[in-house]
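# Summary of structural features
Each chain, letter by letter, is given below.
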Amino acid sequence: MKNPMHILHFGKQSIQIKAGFIVVTMTTLIFIGFGMRQYVDMKSQKMEDLHRLADVTMTRLAENLIRPLWDFDPDLGAKIILAEMQEKTLYAIMVKDENGSLFVGKSRDEHWQIEDLQGEIVGDFITRHEDLENTEGKLGFVDLYLTQQFLQADLQRAVRDLLLTVGVLGASVFLVLFITLRILVIHPLNQILGIAQTIAEGEFSQEISVRQQDEIGKLAGAINSMKQTIMDVLEETERLTL
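The structure contained in this document is the topic of the report that follows. (Residues numbered from 1 in each chain as written. Predicted model: local features only at pLDDT ≥ 70, side-chain atom pairs only at ≥ 80, totals over all residues. Heavy atoms only, no water.)

On to a nonpolar patch on the surface, then. On the surface, Phe174, Leu175, Phe178, Ile179, Ile183 and Leu184 cluster together to form a nonpolar patch covering roughly 540 Å² of accessible area. If you trace the backbone, phenylalanine 178 turns up in helix H4 (residues 149-200). (Patch = residues over 30% accessible without salt bridge, like charges linked within 9 Å, V, L, I, M, F, W, Y side chains within 5 Å. Areas by Shrake-Rupley, 256 points an atom, 1.4 Å probe, with all protein chains shown as cover. Salt bridge = Lys/Arg side-chain N within 4 Å of Asp/Glu carboxyl O. Helix = DSSP H or I, 4+ residues; strand = E, 2+ residues; numbered from the N terminus.)

Once that is clear, we can look at the packing of aromatic side chains. Considering all chains together, one arrives at five aromatic pairs under this definition. Arranged with centres 5.7 Å apart and planes meeting at 45°, the rings of tyrosine 91 and tryptophan 112 form a pair that is tilted. One end of the pair, tyrosine 91, is in strand E1 (residues 90-97); the other, tryptophan 112, is in the loop between strand E2 (102-108) and strand E3 (114-116), with 21 residues separating them in the sequence. The same class applies to tyrosine 91 and to tryptophan 112, which are both buried. Here the aromatic rings of tryptophan 112 and phenylalanine 150 are separated by 5.6 Å at their centres, their planes lie at 80°, and the arrangement is edge-to-face. Here tryptophan 112 is found in the loop between E2 and E3, whereas its partner phenylalanine 150 is found in helix H4, with 38 residues between them in sequence. Put simply, the rings of Tyr91, Trp112, Phe125, Tyr145 and Phe150 touch in pairs and so form one group of aromatic residues. A cation sits over an aromatic face here: lysine 88 above phenylalanine 150, 4.6 Å from the ring centre. (Phe/Tyr/Trp six-rings, centres within 6.5 Å; stacked < 30°, edge-to-face > 60°. Buried < 20%, exposed > 50% of the residue type's maximum accessible area, 1.4 Å probe, protein only. Lys NZ or Arg CZ within 6 Å of the ring centre and 35° of its normal.)

Attention now goes to the environment of glutamate 115. Within the secondary structure layout, glutamate 115 lies in strand E3. Glutamate 115 gets classed as partly exposed once you look at its relative accessible area, which sits at 29%. Excluding its chain neighbours within four sequence positions, the residues that come into contact with glutamate 115 are Gly105, Lys106, Ser107, Arg108 and Asp109. (Contact = heavy atoms within 4.5 Å.)

Across the eight residues that make up E1, a large majority, eight, are buried. Where E1 meets strand E5 (residues 137-147), seven bridges bridge the pair, whose relative direction is antiparallel. Looking at the pairing, leucine 90 lines up with leucine 146 of E5. Of the pairings in the sheet, the one linking E1 to E2 comprises five bridges and is antiparallel in character. The residue bridging lysine 96 from the neighbouring strand is leucine 102, located in E2. Taken together, E1 and the strand that follows it, E2, pair antiparallel across an intervening segment of four residues, in which glycine 100 is found at a positive phi of about 85°. (Pairing = 2+ DSSP bridges.)

A few words now on helix H3 (residues 74-84). Looking only at H3, the buried set comprises Gly77, Ala78, Ile80, Ile81 and Glu84. The buried residues of H3 all sit within an arc of 160° when viewed along its axis, so they share a single face. When the buried face of H3 is taken as reference, the exposed residues oriented beyond 90 degrees from it are Asp75, Lys79 and Ala83. (Arc of directions from axis to C-beta.)

The end-to-end C-alpha separation of helix H5 (residues 215-241) is 39 Å, in line with the 39 Å expected for 27 residues at 1.5 Å each. Turning to H5, its buried residues are Ile216, Gly217, Ala220, Ile223, Asn224 and Lys227. In this structure, the buried residues of H5 make contact with H4. (Expected span 1.5 Å × (residues − 1).)

Before going further, it helps to examine the pattern of salt bridges. One pass over the structure, following the stated rule, counts nine salt bridges. Linking arginine 52 and aspartate 49 is a salt bridge whose minimum nitrogen-to-oxygen distance equals 2.9 Å. Pair noted here: arginine 52 and aspartate 49 are both in helix H1 (residues 4-64), with a separation of three residues, about one helical turn. Of the residues examined, aspartate 49 reaches a relative accessible area of 34% and is grouped as partly exposed. A salt bridge links lysine 138 to aspartate 131; its shortest N-O distance comes to 3.5 Å. On the accessibility criterion, lysine 138 (39% relative accessible area) is partly exposed. Looking at aspartate 131, the relative accessible area reads 33%, which means it is partly exposed. Members of the salt-bridge network, linked through shared partners, are Lys46, Asp154 and Arg157.

Take it as geometry only, folks, not as evidence of what the structure does.
Next comes the structure, spelled out in structure tokens:
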């Protein structure tokens, strides 16, 4: 026959672990769902900001580059481009004349430093194209390229923060639940099962001292009542046999 205290110990761990697992799992799923919504909203907002920046920057370039292109002043054009490329998300700006020949252009090197444009620009960029015109007609055009790599870096940091938050909150919930179950459920059940074991062994002197006003308290009261009933039956049986 299994030792009741062994069963008690197994049951205690089972209740705590199962309840903790369920609550932590549900909490984690809720936080992950909330975090994913934040991630989607954040990505959408940052993409909108990049497109807005591209539009505003292109508007300024289209206005400011007409004069250097008309005067054939690439140095002035380069200064205008360099001023705009102080914004780190700008990867390249290229200006060509009406014949398609490069007038002036700047891009980033592998260390993200600004350099003269070298060759064609390939990659996943947010782009804008605008013709440069004055009253005399079309002078050329300007192409603008914005990178998304800083957006991706921000999103990766957001995901790391989300995972850290979920981990900390999950561990906190499990710890609070573990302590609460131990105080409100496991310890009283431990006492009740211990008294039940002494009753099974024929010892009726101990009283369950659980005073909770809940199901555990009702169980303790029922055990005390059962013990008293057994004692009364035994006393009555002993009296009748005398």
